[in-house]
Amino acid sequence: MSETTLTPATLYIVATPIGNLGDISQRAIDILTQVDVIACEDTRHTGKLLAAFAIKNKTMSLHDHNERQRQDQVASMLQEGKTIALVSDAGTPLISDPGFHIVRHCRSLGLKVSPIPGPCAVISALSVAGLPTDRFTFEGFLPSKSAARQAKLANLLEEPRTMVFYDAPRRAIDTLADIVKVLGGERHVVISRELTKTFETIHSDTAENLLVWLQEDANQLKGEMVLIIEGNKIDVNAIPAKAIDTLKLLLAEMKPKKACAITAEIYGVKKNALYEIALTLKP
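Definitions and cut-offs
Residues numbered from 1 in each chain as written. Predicted model: local features only at pLDDT ≥ 70, side-chain atom pairs only at ≥ 80, totals over all residues. Heavy atoms only, no water. Phe/Tyr/Trp six-rings, centres within 6.5 Å; stacked < 30°, edge-to-face > 60°. Helix = DSSP H or I, 4+ residues; strand = E, 2+ residues; numbered from the N terminus. Buried < 20%, exposed > 50% of the residue type's maximum accessible area, 1.4 Å probe, protein only. Salt bridge = Lys/Arg side-chain N within 4 Å of Asp/Glu carboxyl O. Pairing = 2+ DSSP bridges. Axes fitted to C-alpha atoms, helices over the stretch in contact; angles between N-to-C directions. Contact = heavy atoms within 4.5 Å.

Visitor: How do you make sense of the packing of aromatic side chains when you look at a structure like this?
Guide: What characterises a pair of aromatic rings is the spacing of the ring centres plus the angle enclosed by the ring planes. As enumerated under the stated definition, the model contains two aromatic pairs in all. Aromatic pair Phe138 and Tyr166: ring centres 5.2 Å apart, planes at 70 degrees, arrangement edge-to-face. On the criterion of sequence distance, the pair formed by Phe138 in strand S6 (residues 136–141) and Tyr166 in strand S7 (residues 162–167) is long-range, its members being 28 residues apart. According to the relative accessible area criterion, Tyr166 is buried, its value standing at 12%. Put simply, the rings of Phe138, Phe141 and Tyr166 pair up and form one aromatic cluster.

Structure (structure tokens):
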């Protein structure tokens, strides 16, 4: 395998392991070894990763609290022809991690931003969840306060897609209790904890049963956690046959969104339910 050749004046968004160091790609190692500087969410944390692969390179801090202040500095370095790698503490940068403002700023200036793909907790968790993955929504971290968390879940009550969240294990019990209260105890949930690490745990059950499981095993309240919730199941039988017939006719003449809105207004049914049906009808 030939060594990666860097492109001058490029910001590389480099994915790093979420646990098991063996998951880092050779290309990521090449990039981190050759760039002029590595921008890290936490230089001490990333320092351990670099040491594991004998990478001795200059680092700079770039996190939530200084990202906007760093953006001009990063852009200037790139404009001088230098290369920079952006990493988060683990996984793919920008996925509920810092980097959005830097990337947007650089792209607005016409500077090259290139992804170095690799581990991502969201995708890793989805791949083993056993829930539908053809369509899903990533909602980031749920609010830490129960009232705000319940409000967020209430807004997703009728979301038909599989929903993915990050959550802090220390509040996992409270989160499951809110899921039971708002979405119902029978809603299927998957908890993926410490993915790729020694104590990796992937447990799926109804929200009600998972809540009991967490309450009975304190060991499950440690480490990083991805929470995956089954989407709302649409009861096609609850939609009048005439509504479906009308939807079919409208789909032949217009886009699904508009067809669903018109049908929903005529028959007084929910647009989300009609849209799920439209996806199966539209060629």
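Further notes follow.
Visitor: It is not clear to me how the environment of Asn219 should be interpreted in this structure. Could you clarify?
Guide: Along the polypeptide, Asn219 turns up in the loop between helix H8 (207–216) and strand S10 (225–229). Under the relative-accessibility criterion, Asn219 is labelled partly exposed at 47%. Sequence separation between Asn219 and Pro169 is 50 residues, and the spatial gap between their C-alpha atoms is 9.9 Å.

Visitor: Explain the pattern of salt bridges to me, please; I cannot follow it from the model alone.
Guide: One pass over the structure, following the stated rule, counts ten salt bridges. A salt bridge links Arg135 to Glu276, with the nearest nitrogen and oxygen atoms 2.8 Å apart. With Arg135 in the loop between helix H5 (121–129) and S6 and Glu276 in helix H11 (residues 271–281), the pair connects residues that are 141 residues apart, well separated along the chain. With a relative accessible area of 28%, Arg135 lands in the partly exposed category. Lys270 is the partner of Glu158 in a salt bridge, and the nearest nitrogen-oxygen pair spans 3.3 Å. Of the two residues, Glu158 sits in the loop between helix H6 (146–155) and S7 while Lys270 sits in the loop between helix H10 (256–267) and H11, which places them 112 residues apart along the sequence. According to the relative accessible area criterion, Glu158 is partly exposed, its value standing at 29%.

Visitor: Before we go on, may I ask you to explain the sheet that holds strand S5 (residues 112–116) in this structure?
Guide: Strand pairing in a sheet relies on backbone hydrogen bonds. The paired strands run either parallel or antiparallel. In space, the five strands of this open sheet follow the order S3-S2-S4-S1-S5, with parallel pairing throughout. Strands at the two margins of the open sheet, each flanked by one partner only, are strand S3 (59–61) and S5. The mean angle between the axes of side-by-side strands here comes to 25 degrees, regardless of whether they run parallel or antiparallel. When strand S2 (residues 37–40) meets S3, the two strands line up parallel, connected through three bridges.

Visitor: Help me out: how do you make sense of the side chain of Ser192 in this one?
Guide: Topologically, Ser192 is positioned in strand S8 (residues 188–193). Accessibility expressed as a relative area gives 1% for Ser192, which makes it buried. Excluding residues that lie within four positions of it along the chain, Ser192 makes contacts with Ala125, Thr201, Ile202, Glu224, Met225 and Val226.

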